[in-house]
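# Residue-level structural notes
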Amino acid sequence: MTIIEHDFGKKDRDKVRRFSQLLSLEAQHEAKVLANPIPYIERATERISQLEMALLDAANAANFTLGEKPAAEPEQVLIDKAEYERLLRCKALIESAIKKL
């Protein structure tokens, strides 16, 4: 006895559903994504470029190049050690993400 496996397009529907979720689309758009994916791919490309720009802006804001003269006298700000370590981790994550681009 042989079992014939058929998924009736389930794998394709799962891919479309995941893609729709990543684009924050409602469930009603899944059929449209499957029928004509080009506009949705363009939307995803635009979103990716926006995220890349935001990542580059964050990297530029986090980096202070040596030799720059501050606009005013430097001020001291007191923060706790945990907050400082969190900021350093964020900076490291941004730098590693920039390297992957």
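All of the points below concern the structure found in this document. (Residues numbered from 1 in each chain as written. Predicted model: local features only at pLDDT ≥ 70, side-chain atom pairs only at ≥ 80, totals over all residues. Heavy atoms only, no water.)

A separate point is the side chain of S20. With respect to the helices and strands, the residue S20 is situated in helix α1 (residues 10–22). Excluding its chain neighbours within four sequence positions, the residues that come into contact with S20 are L25, E30 and V33. (Helix = DSSP H or I, 4+ residues; strand = E, 2+ residues; numbered from the N terminus. Contact = heavy atoms within 4.5 Å.)

Bringing the nonpolar core into the picture now. Judged by nonpolar contacts, V16, L23, L25, V33, Y40 and A44 together constitute the single largest core of six residues. Discounting chain neighbours no more than four positions away, the residues touching V33 are V16, F19, S20, L25 and Y40. (Core = buried A, V, L, I, M, F, W, Y, C linked by side-chain atoms within 4.5 Å. Buried < 20%, exposed > 50% of the residue type's maximum accessible area, 1.4 Å probe, protein only.)

What follows concerns the environment of E42. Tracing the sequence through the fold places E42 in helix α3 (residues 38–62). Owing to a relative accessible area of 54%, E42 belongs among the exposed residues under this scheme. Considering only alpha carbons, one finds E42 and E5, 37 residues apart in sequence, at a separation of 35 Å.

This part covers the environment of N60. Of note, N60 is situated in helix α3. When its relative accessible area of 56% is taken as the criterion, N60 is described as exposed. Taking the C-alpha atoms as reference points, N60 and S49, 11 residues apart in sequence, are found 16 Å from one another.

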